[in-house]
Amino acid sequence: MTAETPPTKARKATPHRRTVRKLAEAKALEEEQLIRWTPEEVVEKQLLPYKSVRSLKEKCYRREVYHHNDGGRITFSPESLRLELQRSLAAPLAA
């Protein structure tokens, strides 16, 4: 008779670290797109170069600043802030 080998432990199917990292990055990116700031928060956190809430709102009313009009309220997403900062970027002078 042959000797029986002891049963081996079944390995759990664990995802690779790279896969877990990619999933976490995708989830963070998805959650980032849902973030919205009010004009008051934008001025308080200095996310855009405006000193007063009123001047920022007036620029939004005139459609001079990228923003969202969610239900009649002015809000800013990370993408709209990026677009506005890119729009107002000054090119350096050629030497």
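Residues numbered from 1 in each chain as written. Predicted model: local features only at pLDDT ≥ 70, side-chain atom pairs only at ≥ 80, totals over all residues. Heavy atoms only, no water.

Caption draft 1: Representation of the overall build of the protein chain in the model. What the protein chain contains, in helices and strands, is four helices and two strands. In sequence order, the protein chain lays out its α and β elements as α-α-α-β-β-α. Taken across its 95 residues, the protein chain has 19% of its residues classed as buried. For the protein chain, the share of sequence-separated contacts (at least 6 apart) that also reach a separation of at least 24 residues comes to 39%. Approximately 8700 Å² of the protein chain is accessible, and the part contributed by carbon and sulfur atoms is 54%. (Helix = DSSP H or I, 4+ residues; strand = E, 2+ residues; numbered from the N terminus. Buried < 20%, exposed > 50% of the residue type's maximum accessible area, 1.4 Å probe, protein only. Contact = heavy atoms within 4.5 Å. Areas by Shrake-Rupley, 256 points an atom, 1.4 Å probe, with all protein chains shown as cover.)

Caption draft 2: Summary view of the pattern of salt bridges. The final tally for this structure, using the stated rule, is eight salt bridges. Here Glu40 ties to Lys57 by a salt bridge, and the two come within 3.5 Å at their closest N and O atoms. Of the two residues, Glu40 sits in helix H2 (residues 39-45) while Lys57 sits in helix H3 (residues 53-61), which places them 17 residues apart along the sequence. Under the relative-accessibility criterion, Glu40 is labelled partly exposed at 38%. Where Arg82 meets Glu79, a salt bridge forms, and the shortest distance between an N and an O atom there is 3.2 Å. Of this pair, Arg82 and Glu79 both sit in helix H4 (residues 78-87), three residues apart, roughly one helical turn. Counted as one network, the salt bridges with shared partners bring together Arg54, Glu58, Lys59, Arg62 and Glu64. (Salt bridge = Lys/Arg side-chain N within 4 Å of Asp/Glu carboxyl O.)

Caption draft 3: Up close: H4. For H4, the set of buried residues is Pro78, Ser80, Leu81 and Glu84. One face of H4 carries all of its buried residues, which in axial projection span an arc of 160 degrees. (Arc of directions from axis to C-beta.)

Caption draft 4: Spatial organisation of the environment of His67. By the secondary structure assignment, His67 is in the loop between H3 and strand S1 (68-70). Residue class for His67 comes out buried when judged on its relative accessible area of 19%. C-alpha of His67 to C-alpha of Ser80: the two residues are 13 residues apart in sequence and 5.7 Å apart in space. Here Val65 takes part through its backbone oxygen, which lies 2.8 Å from a polar atom of the side chain of His67. (Polar contact = N/O pair within 3.5 Å; in protein donor to acceptor, adjacent residues only side chain to side chain.)

Caption draft 5: How the structure looks around the nonpolar core. By size, the foremost hydrophobic cluster in this structure holds 11 residues: Trp37, Val42, Val43, Leu48, Tyr50, Leu56, Cys60, Val65, Ile74, Phe76 and Leu81. Where this core is concerned, the elements lending two or more residues are H2 and H3. In this view, Leu56 contacts Pro39, Val42, Val43, Leu48, Tyr50, Val65 and Phe76; residues no more than four positions away in its chain are not counted. (Core = buried A, V, L, I, M, F, W, Y, C linked by side-chain atoms within 4.5 Å.)

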